[in-house]
Amino acid sequence: MPRSVAARTETDHLSALLHLGPVLSAAPNLKTALARALDHVADVSGAQSAVIVLRDGESPELSIAAAAGLTWQTAQRVRYRIGEGIIGRVVESGKPVVVPRASQEPLFLNRTGVHKAAAGDISFVCVPIIAAGTTVGALGLAQHYRADAPVERTLTFLGVVASLLGYAVRVHALQQAERQALAAENAQLREELRERYDFRNIIGSSRPMQALYAQVMQVARSQTTVLIRGESGTGKELIAHAIHYHSTRATKPFIKVNCGALPEGLVESELFGHEAGAFTDARAARKGRFELANGGTLFLDEVGELSPGTQVKLLRVLQEREFERLGGIQTIRINVRVITATNRDLEQGVKDRSFREDLYYRLNVFSLFLPPLRDRKPDILLLADHFVEKYAAAHGKDVRRLATTAIDMLMSYHWPGNVRELENCIERAVLVAVGGVIHGHDLPPSLQTAEVSGTLPRMSLVHATDALETDLIQDALKTSRGNLARAARLLDTTERILAYKARKLGIEIRRFRPE
């Protein structure tokens, strides 16, 4: 072969390799990357046809992932098995094979029909594609037979190309694995959220809560705007989550905004987004909460705190389902379900003109009222036990239950802060409790006033001692179910002393025995 031809061939190969990297990296997916790379290689090599075959997972079958010089019907039809023919043997052994004349090689199967006797003989070069030390496929190139063809240079060139293709396959596999892991994690998190906000996991068996559950089930599957009302700390956000995760939008975003926590100048930008240059420091366009929640649910907490100007824009979005970003002129259409919550008296706000009447009627399509904790007394102990278990685990404390005095104080308190205040009280009590029981003195001082607990403002030492002994004896008798001997062992005393103390304090032991 003339030296000038060989030099030109080597230059073409180097130029092709130089352009192959950008071709592979610029493609949106592996299939497109392999097709573009193969077209490029076939064009530079002057090939009659070229194929890239890859393994189908753990299957022994090989399929054509990209082809040049073949019809798409042929590429779809042709299959190989590992160890079968030239291509199958290259994948099996991981070593390249050169067939100078296909007509003289019985292992050349010609399933693609590239070798036609009338058109002359062909040469076939096949190299393995290796990714992470494993042969995942092969690259095959068919050229018109020439006695002086630079087979060694073609083999070296294809070997380098196959290395780049192997790297591309490896990167694609890692990306696929990462996407699958993220999808699985996302599905798991969604399922955990669905279970967390399942009605069976919302604590409350009182009559007001049962009525609330029935209403939530009625409205959850609809697209209706919901207004959740109730005092601060009653769990409005929890109910909003439950509505979303029981709706047809459960797999879509749930975006929450606390309207009362945002400065007035930023509310509009947070809700509707802004364009670059809309105001000082707005260097880039930014999506608002409505856009982020598109297809899902937007929860507006403390909606009664919105300014009159923002109320007007919110009304338009609810009516027309469209808006413009701050500083923008393009109208953006959205599909969002809006759930709002407030602890304010909106009717009074309408009367004194601090809240728009038309917006009030637009929001108040389906209203849910969360009862305050003082109106659901049966739920107090259920919630308290739940928080004891939760914070004992969180803080690594072996606290298991509430003493009688603590229960009495919890039940007699009026709970102005509702469930949130109860949760904070129990967390504090778990931290300061000594032993496995929360006693009355472990609760915050706000629960231990004379008005709340029914105790005298001043108590003598004798009365205080009697009260403590009564508490301890009653707890022991409850645990032993009225068994005096077992209760005495729990208190590390004798039956005679325990019986004497019970008579002195007016404790009826038989009351603790099962019927």
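Up top you'll find the structure we're talking about.
It should be emphasised that the depicted structure is a prediction, and the values quoted were computed from it without experimental measurement.

Engineer: Even after reading the chapter, I still don't get unusual backbone geometry, so can you show me in this structure?
Structural biologist: A negative phi angle characterises most non-glycine residues, just as the trans form characterises most peptide bonds. Phi at Ala132 is positive, roughly 55°, even though this residue is not glycine. By secondary structure assignment, the location of Ala132 is in the loop between strand E5 (122–131) and strand E6 (134–144). The exposure class assigned to Ala132 is exposed, which follows from its relative accessible area of 59%.

Engineer: Explanation requested: the environment of Glu84 in the structure shown.
Structural biologist: By the secondary structure assignment, Glu84 is in the loop between strand E3 (79–81) and helix H4 (85–93). The exposure class of Glu84 is partly exposed, given its relative accessible area of 26%. Among residues more than four places away in sequence, those in contact with Glu84 are Arg89, Leu109 and Arg111.

Engineer: Any chance you could explain the pairing of strand E9 (residues 297–301) here in plain terms?
Structural biologist: Every other side chain in a regular strand lies on the same face of the sheet, so the side chains alternate between the two faces. Extensive coverage of E9 is indicated by the burial of 5 of its 5 residues. Side chains of E9 alternate between two faces, with Thr297, Phe299 and Asp301 and Leu298 and Leu300 buried alike. In this sheet, E9 lies alongside strand E8 (residues 254–258) in parallel orientation, the contact comprising 5 bridges. Across the sheet, residue Phe254 finds its bridge partner in E9, namely Thr297. Here 4 bridges tie E9 to strand E12 (residues 337–342), and the two strands are oriented parallel to one another. In the sheet register, Leu300 faces E12, and the bridge partner there is Thr340.

Engineer: What is the right way to look at the environment of Ala173 in this model?
Structural biologist: Position of Ala173 among the secondary structure elements: in helix H5 (residues 151–196). Expressed as a C-alpha distance, the spacing of Ala173 and Ser163, which sit 10 residues apart in the sequence, is 15 Å.

Engineer: What should I look at first to understand the packing of aromatic side chains in this one?
Structural biologist: Note on aromatic pairs: each is described by the distance of the centres and the angle between the planes. Tallying each qualifying case throughout the model produces 7 aromatic pairs. Here Tyr413 and Trp415 contribute two aromatic rings whose centre-to-centre distance is 4.7 Å and whose plane-to-plane angle is 85°, an arrangement assigned as edge-to-face. In this structure Trp415 comes out as buried when scored by relative accessible area, which is 0%. Every member of this aromatic cluster is reached through a ring pair, and the members are Phe272, Phe290 and Phe323. Across from the ring centre of Tyr145, 4.5 Å away, lies the NZ or CZ of Arg101, which sits over that ring.

Engineer: I keep staring at helix H19 (residues 495–505) and nothing clicks. Help me out?
Structural biologist: Note: α-helices contain 3.6 residues per turn, so residues at a spacing of three or four share the same orientation. Those residues of H19 that sit buried are Leu498, Ala499 and Ala502. All buried residues of H19 lie within an arc of 100° about the axis, which places them on one face of the element. Those residues of H19 that are exposed and aimed more than 90 degrees away from the buried face are Arg496 and Arg503. For H19, the elements touching its buried residues are helix H17 (461–480) and helix H18 (484–490). Gly506, located one to two residues past H19, shows a positive phi value of around 75°.

Engineer: In this structure, what is going on with the pattern of salt bridges? I would like to understand it.
Structural biologist: Any two side chains of opposite charge can pair, so long as their charged atoms come close to each other. Applying the stated criterion across every chain, the model contains 19 salt bridges. Glu270 serves as the salt-bridge partner of Arg286, at 3.4 Å between the closest nitrogen and oxygen. Here Glu270 lies in helix H8 (residues 264–272) and Arg286 lies in the loop between H8 and helix H9 (289–292), a separation of 16 residues in the sequence. Residue Arg401 is joined to Asp475 by a salt bridge in which the shortest nitrogen-to-oxygen separation is 3.9 Å. Taken together, the residues Arg401 in strand E14 (residues 401–402) and Asp475 in helix H17 connect sequence positions 74 residues apart. Judged by its relative accessible area of 7%, Asp475 falls in the buried class. Salt bridges linked by common partners bring Arg316, Glu322, Glu324 and Arg333 together as one network.

Reading the values: the criteria
- Residues numbered from 1 in each chain as written.
- Predicted model: local features only at pLDDT ≥ 70, side-chain atom pairs only at ≥ 80, totals over all residues.
- Heavy atoms only, no water.
- Helix = DSSP H or I, 4+ residues; strand = E, 2+ residues; numbered from the N terminus.
- Buried < 20%, exposed > 50% of the residue type's maximum accessible area, 1.4 Å probe, protein only.
- Contact = heavy atoms within 4.5 Å.
- Pairing = 2+ DSSP bridges.
- Phe/Tyr/Trp six-rings, centres within 6.5 Å; stacked < 30°, edge-to-face > 60°.
- Lys NZ or Arg CZ within 6 Å of the ring centre and 35° of its normal.
- Arc of directions from axis to C-beta.
- Salt bridge = Lys/Arg side-chain N within 4 Å of Asp/Glu carboxyl O.

By themselves these figures say nothing about function.
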